Amino acid sequence: SSFARMFVQLCLYFYCKCLWRCLKFVVRKLTGRCELQRICYNTKPGAARTMKIEASLKGSKSKRLQTSVSVHPDAIEKTIDDIMELKRINPDINPQLGISLQACLLQIVGYRNLIAEVEKLRREPYDSENPQHEEMLMKLWKCLKPDSPLKARISKQWCEIGFQGDDPKTDFRGMGLLGLYNLAYFAEWDTEIAQQVLSDSLQPKYSQLSKAEWEKKKFDKAIGYSFAIVGINITDLAYNLLVSGALKTHFYNVAPEAPTLTHFQQTFCYLMHEFHKFWIEEDPLDIMEFNRVREKFHKRILKQLQNPEMALCPHFAASESLINM
């Protein structure tokens, strides 16, 4: 029974594959355009177009087309020429096609390279002997607590910004340097919001960000959280969204060319801000509910990213430079 079912599924797969190739051949003959041309001419720039181009190249029977999504950025122009030649498309008659394909390939290749860059940071452990690591950690403190000098490198004061013990380096184990990079970026480039979120996480009942909600709901309790630890946790969430491909929708819509580490860090700023509001809305009974709230938040973001028109709203200060691009 299971063998028969598997055999039928296999036959169905090959039938659909052959049928799809035949259909593409017929459509090309009727329209005079290959699939890549039809996508570029019929789909507006952004995630919808780039994701279709990516799927078309990956699903091609040509090895040269399949590997075009993983070339070095410097080889993209040559790759476009190869694609045009392979598809017998005259670049003089279709000048816009080459430009559109190049923009899509820059995004596709850039996304792959961004995953590699983020992964490298995640795997690099925090080293207290490294002056650059220490400098970034000190910058995090100064941005979040400008009026409270750190009395010692090993100090209970670190708990004031949400680390678990006297030395923050132990808390970076899960996400490596990536956790510190994200927190430091948030604190430096979105300072006002970061300080507000930190303040609210310590005294959520008096949150200024959602005063209306507090008054409307008349909460008699409010559970805070550890700002830095949650930042490392949200870094993990952002990392998983990136590696799973879910962030393609966002990045292909906001990055006109290759998405960079800065785009990723700005996405982290957005997620921190949104998670904070979500935590207050959820009004958990205690900190033990953190995983439930985080999972619910994760699902909400995933659902938003299923829309090809979606760009996670870049309303925070750190993203203003990107809005103008």
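The shown structure was predicted, so the numbers you read here are calculated from the model rather than taken from an experiment.

Residues at a pLDDT of 70 or more form 84% of the chain, whose mean pLDDT is 87. Taken together, the stretch residues 26-30 has pLDDT below 50 and engages in seven contacts with residues farther than four places along the chain or on a different chain. Contacts of residues 315-325 to residues separated by more than four positions or lying in other chains number 21 contacts, the stretch itself having pLDDT below 50.

Now for the side chain of Asn 182. Note on placement: Asn 182 falls in helix H8 (residues 176-189). Those residues in contact with Asn 182 that lie beyond four places of it in its chain are Thr 235, Phe 264, Gln 265 and Phe 268.

Our focus in this paragraph is the side chain of Glu 119. Note that Glu 119 resides in helix H6 (residues 95-123). Looking at Glu 119, the relative accessible area reads 16%, which means it is buried. A distance of 2.9 Å separates a polar atom in the side chain of Glu 119 from a polar atom in the side chain of Arg 122. A distance of 2.8 Å separates polar atoms of two side chains, one belonging to Glu 119 and the other to Arg 123.

Okay, the layout of surface pockets next. Looking at the second largest pocket, its volume works out to about 180 Å³. Residue lining of the second largest pocket: 16 residues in total, with Pro 45, Gly 46, Ala 103, Gln 107 and Pro 256 positioned closest to the centre. The set of elements that each furnish at least two residues to the lining of the second largest pocket consists of helix H3 (47-58), H6 and helix H12 (248-254). With six residues, the top contributor of residues to the lining of the second largest pocket is H6. Two domains each donate at least three residues to the lining of the second largest pocket, and these are domain 1 (33-112) and domain 2 (124-306).

Time to look at H3. In a regular helix each residue adds 1.5 Å, so 12 residues correspond to 16 Å; H3 covers 16 Å between its end C-alpha atoms and thus fits that length. Of all the positions in H3, only Ala 47, Arg 49, Thr 50, Ile 53, Glu 54, Ser 56 and Leu 57 are classed as buried.

We now examine the pattern of salt bridges. Per the counting criterion, the structure on display carries 18 salt bridges. Ionic pairing is found between Glu 160 and Lys 145, a salt bridge with its closest N-O pair at 3.2 Å. On the criterion of sequence distance, the pair formed by Glu 160 in the loop between helix H7 (131-144) and H8 and Lys 145 in the loop between H7 and H8 is long-range, its members being 15 residues apart. Exposure remark for Glu 160: the relative accessible area of 32% places this residue in the partly exposed category. Each of Glu 282, Glu 289, Arg 292 and Lys 296 takes part in a single network of salt bridges with overlapping partners.

Rules used in this analysis
Residues numbered from 1 in each chain as written. Predicted model: local features only at pLDDT ≥ 70, side-chain atom pairs only at ≥ 80, totals over all residues. Heavy atoms only, no water. pLDDT = per-residue confidence, 0-100. Contact = heavy atoms within 4.5 Å. Helix = DSSP H or I, 4+ residues; strand = E, 2+ residues; numbered from the N terminus. Buried < 20%, exposed > 50% of the residue type's maximum accessible area, 1.4 Å probe, protein only. Polar contact = N/O pair within 3.5 Å; in protein donor to acceptor, adjacent residues only side chain to side chain. 1 Å grid on protein atoms, 1.4 Å probe; cavity = no way out; pocket = protein on both sides within 12 Å on 5 of 7 lines; lining within 4 Å. Points joined across faces, edges and corners; volume = space filled by probe spheres on them. Domains from an automatic or database assignment. Expected span 1.5 Å × (residues − 1). Salt bridge = Lys/Arg side-chain N within 4 Å of Asp/Glu carboxyl O.

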